[in-house]
Structures are given as C-alpha cells and as structure tokens.
Amino acid sequence: MGRIFDRLLLFLYSIVIGTLSVAAIIVASGLLPDLIVLNLPDGMLITVITVAAVLFLISIRFFYVSIRRERTSLPSIDQRTEIGDIKISLETIENVALKAAGRVRGVKDLKARIRANDAGLDIMIRAIVDGENAIPGITEEVQRNVRDYVHEITGIPVSYVSVYVANVVQTQTFKARVE
C-alpha cells in the first residue's frame with residue numbers, strides 16, 4: 001500500500017513541477033507579453049529558463065518512474081516440459097546446494113553462489129571446516145554431494161562446483177578444574 005501511495009505522490013509531484021516549469025519557460029521567454037511582464041535583466045532570464053528546463057526534464061523522469069511497471073521477478077532457471085513451464089529460482093537452487101553441502105561432516109558456516117550458463121550451473125560454495133578431517137577429502141565430498149543432489153532435486157545439470165575453504169574452526173579447549 002505504501003508503494004502505491006509513494007507512486008501517486010511522485011506522479012502528482014512530477015505533473016505539478018512539469019507544469020510550473022513550462023509556465024516559467026513561457027513567461028521568461030516572453031511568449032505571452034500581454035499577460036505578465038517580467039522586469040528582469042537578460043542574464044537572469046536565461047538563468048530562469050535554464051533552471052525551468054532542467055526542472056522540466058527532471059519532472060519527465062519522475063513521471064516515467066511513477067507510471068512504469070515494476071519487474072521484480074527473481075532470476076530463475078526456466079525449463080519446458082510436455083505439460084508446461086517450470087521456473088526454479090536461483091535462491092531455491094542455492095538452498096538445495098547448501099543443504100547438500102551441509103550433509104558433509106566437518107563443514108560449517110556455508111554460503112553458496114549460483115550462476116547459470118549454457119553447460120549447466122556453476123556453484124561456488126564457501127565453507128569453514130573443522131580441521132579434524134583432511135581438507136581435500138572434505139572438499140571432494142562437498143563437490144560430489146552438491147553436484148549429485150542439485151541435479152537429482154532440480155533436474156538441472158551441474159557443470160562446475162567450486163569449494164572455497166575460508167577458515168578452520170578454532171575449537172576452544174577448556175581444562176577441567178578439580179577442587
């Protein structure tokens with residue numbers, strides 16, 4: 001509801017400012033000499049016309065923004081089947097990839113980024129590992145899990161899975177105090 005009200009105000013503002021700036025240009029240029037007489041120096045008249053023209057151009061832009069349709073569709077992967085079209089958002093694919101990577105033991109604090117290309121999906125996973133397991137083994141398992149699970153769930157081929165190990169979890173060891 002707030003956006004509609006804001007757009008309405010912007011629409012009205014653009015109409016009022018546009019009308020006033022056109023009127024200022026007409027009066028300052030002397031196109032209606034019988035109605036209003038301005039006793040301003042020539043340099044000031046040019047300034048008034050220039051400012052009014054700039055305001056008119058800005059009001060045209062505001063008018064366009066107030067009436068245009070918003071296209072806020074999220075990026076998605078579109079597939080066509082014999083029954084109809086399927087659209088899977090990149091956010092959905094990202095969540096599926098995070099779910100698959102989260103199943104690997106020893107990884108934490110996962111983040112994913114998805115890019116679509118002609119060959120399939122490029123998936124970049126950022127992870128923090130626990131440091132108790134070999135990093136090459138963990139990353140290969142993450143790559144396999146993500147590739148297989150995303151392809152199985154979405155039906156979209158995965159062309160590339162990159163794993164970036166950002167850090168190793170620092171585990172705190174506490175010494176038990178015996179009294």
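Per-chain numbering applies: the sequence of each chain, read as written, is numbered from 1 onward. It should be noted that, the model being predicted, local features are given only for residues of pLDDT at least 70 and side-chain atom pairs only at 80 or more, the latter also being counted only at that level, while totals for whole chains, interfaces and linings use all residues. Side-chain numbers come from the whole structure's heavy atoms, not from hydrogens or water.

(A) Region of interest: the overall build of the protein. Strands here are runs of E lasting at least two residues and helices are runs of H or I lasting at least four, both read from the DSSP assignment and numbered beginning at the N terminus. Along the backbone of the protein there are 4 helices and 5 strands. Ordered by position in the sequence, the α and β elements of the protein form the string α-α-β-β-α-β-β-α-β. Classification of residues uses two cut-offs on accessible area relative to the type maximum, computed with a 1.4 Å probe and protein chains only: under 20% is buried, over 50% is exposed, and between them is partly exposed. Put simply, the protein has 179 residues, and 23% of those count as buried. For this analysis, residues touch if any pair of their heavy atoms sits within 4.5 Å. When contacts within the protein are restricted to residue pairs at least 6 apart in sequence, those whose partners lie at least 24 apart make up 58%. Entry remark: accessible area of the protein is about 13,300 Å², with carbon and sulfur atoms responsible for 58%. Exposure was quantified through the Shrake-Rupley algorithm and a 1.4 Å probe, taking into account, for residues, occlusion by the shown protein chains and nothing else.

(B) Representation of the nonpolar core within the structure. Buried Ala, Val, Leu, Ile, Met, Phe, Trp, Tyr and Cys residues form a nonpolar core when they are joined through side-chain atoms within 4.5 Å. Ranked by size, the top nonpolar core spans 25 residues in total, and within it Ile 93, Leu 121, Ile 123, Ile 125, Val 142, Val 146 and Val 150 carry the most contacts. Elements with a minimum of two residues in this core: α3 (90-102), β3 (107-117), β4 (120-129), α4 (135-154) and β5 (158-168). The biggest single contributor to this core is α3, with 6 residues. Other than its neighbours up to four places away in sequence, Leu 121 contacts Ile 77, Ile 93, Ile 114, Arg 115, Ala 116, Val 150, Ile 156, Pro 157, Val 158, Ser 159 and Tyr 160.

(C) The side chain of Asp 130, seen in detail. Relative to the helices and strands, Asp 130 is located in the loop between β4 and α4. Here Asp and Glu are counted as negative and Lys and Arg as positive; His is not counted, and neither are the chain ends. Should a side-chain nitrogen of Lys or Arg be within 4 Å of a carboxyl oxygen of Asp or Glu, the pair is scored as a salt bridge. Buried charge without a salt bridge: Asp 130, with Lys 108 as the nearest opposite-charge side chain at an N-O distance of 5.9 Å. Polar contact is the term for a pair of N or O atoms within 3.5 Å; when the atoms are in protein, one must be able to donate a hydrogen and the other to accept it, and sequence-neighboring residues count only if both atoms are side-chain atoms. Side-chain polar atoms of Asp 130 contact the backbone nitrogen of Glu 132, separated by 3.0 Å. If near-sequence neighbours (up to four positions away) are discounted, Asp 130 is found in contact with Gly 106, Ile 138, Val 168 and Val 169.

(D) Looking closely at the pattern of salt bridges. The final tally for this structure, using the stated rule, is 2 salt bridges. Note that Arg 80 and Asp 85 form a salt bridge whose closest N and O atoms lie 3.4 Å from each other. Neither residue differs from the other here; Arg 80 and Asp 85 are each classed as exposed.

(E) Representation of a nonpolar patch on the surface in the model. Where nonpolar side chains cluster on the molecular surface, the patch consists of Val 22, Phe 56, Leu 57 and Ile 60 and spans about 320 Å² of accessible area. If you tally residues by element for the nonpolar patch, the top one is helix α2 (residues 42-67), at 3 residues. Position of Leu 57 among the secondary structure elements: in helix α2. Since its relative accessible area comes to 57%, Leu 57 is described here as exposed. Patches were defined on residues exceeding 30% relative accessible area and lacking a salt bridge, with like-charge contacts within 9 Å and nonpolar side-chain contacts (Val, Leu, Ile, Met, Phe, Trp, Tyr) within 5 Å.

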